[in-house]
Amino acid sequence: MTVIIGSLFLPYTVQFEVGATDAIAQPHVPKGPHEPAPVAAKLAPSSSILPSLSIANSRQQTPLAASPGPEYKPEASADAQDFFYKNHRFKKQTDTPLADGIADKLGPHYIQPRARYNNGVPPSSVVDPKNKDDGSGLLGLKMNRSTNNLAGLAGSHTNLAALSHASTNRTRSSLSKPHPGLTLHTNSSTSSLAVAEEDDHQASNPSWNNEYASDVKLAPFGGFSNPGDLLDQPNIFETAPWTIKFSHKGNVSTTKAVKLSAEHNIVKSRKWVGTISMPSDEVPDHIRNDIAGELRKGYNSEAVFPNDATFQGHYNSFCKQILWPTFHYQIPDDPKSKAFEDHSWGHYQLLNQLVADKIVEVYLRENGNANPEDPENMIWIHDYHLLLVPLMVRQKLPEVKIGLFLHVSFPSSEVFRCFAQRTEILKGMLGANCISFQTDEYVRHFLQTCNRLLLADVNDLGITYEGNFTMTNTIPVGIDSNSIIEMVQSESVTEWRQLIKERWPDQNLIVSRDKLDKLRGIKQKLLAYEKFLNSNPEYIDTTVLIEICIGSSHDPHYESEIMQIVARINSLPENISVSQPVVLLQKDIEFEQYLALQCEADVFVVSSMREGLNLTSHEFITATSEKKSPLILSEFTGSSQLLDCGGHGALLINPWDIKTFSETFKKLLTMDKKEKETRWTKCNDIVKTQDSMNWVASCLQSINESYDLNKRTNLNKLKPFNTDVFGHFYRQGKEKNRLFFLNFETAATTLSVGDKKPTTNSITTAKSAYTEPSRLISLLNGLLEDPKNKVYIISFLKRTDLDRLYRTYPNLGLIAENGGYIKVIGSQKWISMVDETEIQGWIAQVTQLVESKVERLPGSHCEVEDCTVRFHTGKSFIEDRERTLDAMGDCIQHVNDVFQDSDGVHASLIRDVVIIQQNQLALKALKFINDYYSQDNSGVDAEQLIQNFQVKGLAGAATNTPIRSKSIDISSLGELATSTSTSEGLNSIFVAGATTLLDEPSYEFVNRLKENGLIQTVSTVAILGDESDVRTSANFGVNGINELLRVLSEAKSIV
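The numbers attached to residues start from 1 for each chain and follow its sequence in the written order. Predicted model: local features are reported for residues with pLDDT of at least 70 only, side-chain atom pairs are reported and counted for 80 or more only, and whole-chain, interface and lining totals are derived from all residues. Hydrogen atoms and water are omitted, and side-chain values are computed over all heavy atoms in the structure.

### A look at the overall build of the chain
- Counting secondary structure elements, the chain contains 38 helices and 36 strands.
- Burial here depends on accessible area, computed with a 1.4 Å probe over protein chains only, as a share of the maximum for the residue type. Under 20% is buried, over 50% is exposed, and the range in between is partly exposed. In the chain, which comprises 1055 residues, the share counted as buried stands at 59%.
- The long-range fraction of contacts in the chain, counting pairs at least 24 apart against all pairs at least 6 apart in sequence, stands at 77%.
- Element-wise, carbon and sulfur atoms account for 49% of the exposed surface of the chain, whose accessible area totals about 42,600 Å². Runs of E in the DSSP output that reach at least two residues are strands. Runs of H or I that reach at least four are helices, and both are numbered from the N terminus. Contact between two residues is taken to exist if any of their heavy atoms lie within 4.5 Å; hydrogens are not considered. Shrake-Rupley sampling with a 1.4 Å probe provides the accessible areas, and residues are treated as covered by the protein chains on show and by no other component.

### Let's talk about the packing of helix H19 (residues 522-535) against helix H20 (residues 556-570)
- Interaxial angles span 0 to 180 degrees and are taken between N-to-C directions of axes, which are lines fitted to C-alpha atoms, for helices over the stretch in contact. One can describe the packing of H19 onto H20 by two numbers: an axis separation of 10 Å at closest approach and a directional angle of 15°. Compared by their axis directions, H19 and H20 come out roughly parallel. The chirality of how H19 crosses H20 is left-handed. Taken together, the residues of H20 that come into contact with H19 (itself represented by Ile522, Lys523, Leu526, Leu527, Tyr529, Glu530 and Leu533) are Tyr558, Glu561, Ile562, Ile565, Val566, Arg568 and Ile569.
- When residues are grouped by polarity, Ala, Val, Leu, Ile, Met, Phe, Trp, Tyr, Cys and Pro land in nonpolar, Asp, Glu, Lys and Arg in charged, and all others, Gly among them, in polar. Residues belonging to the contact of H19 with H20 are distributed by class as follows: 10 nonpolar, no polar and 4 charged. Working definition: roughly parallel below 35 degrees, roughly antiparallel above 145 degrees, roughly perpendicular at 65 to 115 degrees, and oblique for all remaining angles. The sense of a crossing depends on the near helix, which, turned anticlockwise from the far helix by less than a right angle, makes the crossing left-handed and, turned clockwise, makes it right-handed.

### Some remarks on the side chain of Thr616
- Mapping Thr616 onto the fold places it in helix H22 (residues 615-623).
- When near neighbours in sequence (up to four residues on either side) are disregarded, Thr616 contacts Arg513, Tyr594, Gln598, Phe604 and Val606.

### As for the sheet that holds strand E11 (residues 434-437)
- A pair of strands counts as paired when DSSP detects no fewer than two bridges linking them. An order of E8-E7-E1-E9-E10-E11-E14-E13-E12 is seen for the 9 strands of this open sheet, with the pairing classed as mixed. Each edge of the open sheet carries a strand with a single partner, namely strand E8 (301-303) and strand E12 (457-458).
- Sheet topology note: the strand E9 (residues 378-382)/strand E10 (residues 402-405) ladder contains 4 bridges and is parallel. Within E10, the residue paired with Ile379 across the bridge is Ile402.
- The strands touched by helix H11 (residues 308-327) within the sheet are strand E1 (3-9) and strand E7 (270-275), with E1 carrying the most contacts at an inclination of about 85°.
- Across the sheet, helix H16 (residues 440-454) is in contact with E11, E12, strand E13 (462-465) and strand E14 (468-474); its angle to E14 comes to roughly 155°.

### Quick word on the pattern of salt bridges
- Salt bridge, as used here, is a side-chain nitrogen of Lys or Arg placed within 4 Å of a carboxyl oxygen of Asp or Glu. Under the counting rule described, the total for this entry stands at 33 salt bridges.
- Measuring nitrogen to oxygen at the nearest pair gives 3.8 Å for the salt bridge that ties Glu361 to Arg365. You can see Glu361 and its partner Arg365 sitting in helix H12 (residues 338-367), 4 residues apart, about one turn around the helix.
- Overall, Arg365 belongs to the partly exposed group, its relative accessible area being 40%.
- In this structure, Arg1046 engages Glu1043 in a salt bridge whose closest nitrogen and oxygen atoms are separated by 2.9 Å.

Any functional reading would require information beyond the geometric quantities listed.
Here is the structure:
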């Protein structure tokens, strides 16, 4: 079996090689199973892309840059930035700078296509976005963020100086525009091993292009002696050799977690489906087919190739400018225009459909004939780029197991409702069997949003919508702590730790690493740090905050604010030439350097304003195992709920509370060793147990559990309930008592909130939906005449109404208000399953809420019963559907948020009526009656039964009758203690009702009794109407109430 993993980006991308000879371009034998081999195109000698460079390369016998040199040791430096950047691990180990420069210039270069529909500038560490055109059509150079010291090379030789001059000071030439299908890359700094959210989430780059860490250098702009030779090619991707490389775009934490799980046999077989994170319009069709074939054959990956316009509209427009900001509470107030949003939404839908179609194709090929119940026969979809895919796949593969994991935060319903496409997005997500989130808060927000916007019913396990159940749960992503520990113990990290100690001796190191944008809370962090130093001047010369900024800023105003605060803080020391309280690194450093800083840090700070999960804090906990330094963590990160450890782990802060934030610095710097160790130990236990492999295993297990839960329900596979079926049930239970639990009312109404054109005739009142009692009794007479049959009718009517209708039928048990009150067979008195003193605490407030909605909806009304409040929308549902749905959603969400935890009150939508009462009263009533007639079997006496269910006796049948102060009188239960009718116990239970949320728990309970061997014979029958798509836990189906009554009336004739 194969786990099919759907993600926008595959773990691999493709790079094209230019500037090498045919010999160099030939495929090589991989050194190991994880080293991709380049695939060479067949090149004729005359078709060399850069002839001059090819000749130079062909004459090279041994690369000069590879000449052996002394073992590299980090160098000390007075300047803090030079300390990290000049001691770069890629620093050349040769004494011949000229040789290094020639090797850089004349060696092979790797390129990727550029999106045809992208007007932005690739975020190269060499390219300055502010200098788009220097006159030659080539992009200008930005030296301050470059990882390649081109200026240093320029002084080494006149030829190299000429190259540098040509790339930065060209005069206008015939090259008026850069080649539209080409992007050249440079090396980027090594990223963190654990990335909670994809790097471009943090960077919000306006371009598709990305930088890739690679063992081969990527070509910078200006790195060619004659770029015209390259740019003048009609299509260099037609002939250039290409190589599949590991991609650092997308969610790297997922890729590494799956890879590690496969190595440990948690996932036996997997197949990735997604894009190759590279524009493909400029790549010929046959090359794309070759790439797809190679990915399928050697990399367990299936590539989707959307055109550039579709990808740009999906990713840069809808995902980055609409979805991503709103999910992080940054609602766009000017998303270009409504036309922009609608246009990008179309691209979002199209790319989701392309991925869904490919997933279906792969599933049918890999798992089509396999057992759907196999634990690894499933589809696992990732993140907010593909929220529509679950439903798209479900429509073509209705029985497949589908899981969805959302790596980012999920906002509150007030924020999510701002999406114009909110309904489509939620429905797309609910196509999954299981949706997993990073934190309980995000689960709660999702449940509330579905409850409010879709009027879906929710419970602790998940969501029921349109007859389908979707499980929701919390499974936080973890890291591979073992790999971090190995790196911490490496020689490189050890050397950097020693150098850091020498560079900042006897000083408190506070370390932080963020993307330079507002969401990361850098400004609040610096303001709090400034306040801490002003309040505690003795720390000015002994404390250093090292802030590492990754990526590049796209908000110059915010960056300017940060610089001003940094300058202000660094002016606090008396001798600014000696002390520097803030070290701001405006580009990333090597991961070994970063780990060394974490190891030596006295405090680590994460101050994000909103973040799905911050795995850098998990890395820090692992890295600081020696010093056991404390962690400051924003309460708005997903990690805060994990690492808080009940107040004994990380110290949580509100980034907006600058005063408390500043005080936290001193608290941690002065914390005693024992408390540090206690807090670190608790955090470390979380990091170790909830690691990346545990995350994968838990997600796959949840998908299987949700599928098994759904499997218990039957979609259009109900066995027909007929006379033969009933006869078999009836005969099996002849030795003991039979319990009949019948609900004829919720099935009588037919209108569903999904109906687009409700009519006046389709909206029925409570009384008109009820079956005539005299006719009902005549049809049930055969059951009632047999003393072994215990027949109970459950109704939404009040006690007074049921007494009036059935007082002449003592052999019929009555249950009022869907389980709130019970009149046991043979008794003249009602018993209460609810505490009426508690009811009065919430029913008045709920009534006031519903009446406030009724005032705004002409044609609706509020019905208040003894333990139930009903919100009937009536004609308002026809006249103003959208407004009515919104009012119902607000009412349901408010009740469930305010009263569910404190009073156990739940609001549900049943046939377009909002029913508000204590949760699952019908199930509670069924359990009580079952135990009542099974006393001898279960060994429960009458007093214990009353105590277990907290049953209260009522003096009469009047509404709001006072409760007796003492325990219920045994006689009010029909002589419960001495009744001979219960001595035989039960061996058969028959439950009939609709397919609503009031009935389904009863079906599930009774079916479990049979599975556990507690009841011999069980029949659960769903009364069906016009529904064409029904999912229920019942075992049998019958078309309408009349057909059910006809079958039950045959009881007399069954022998």
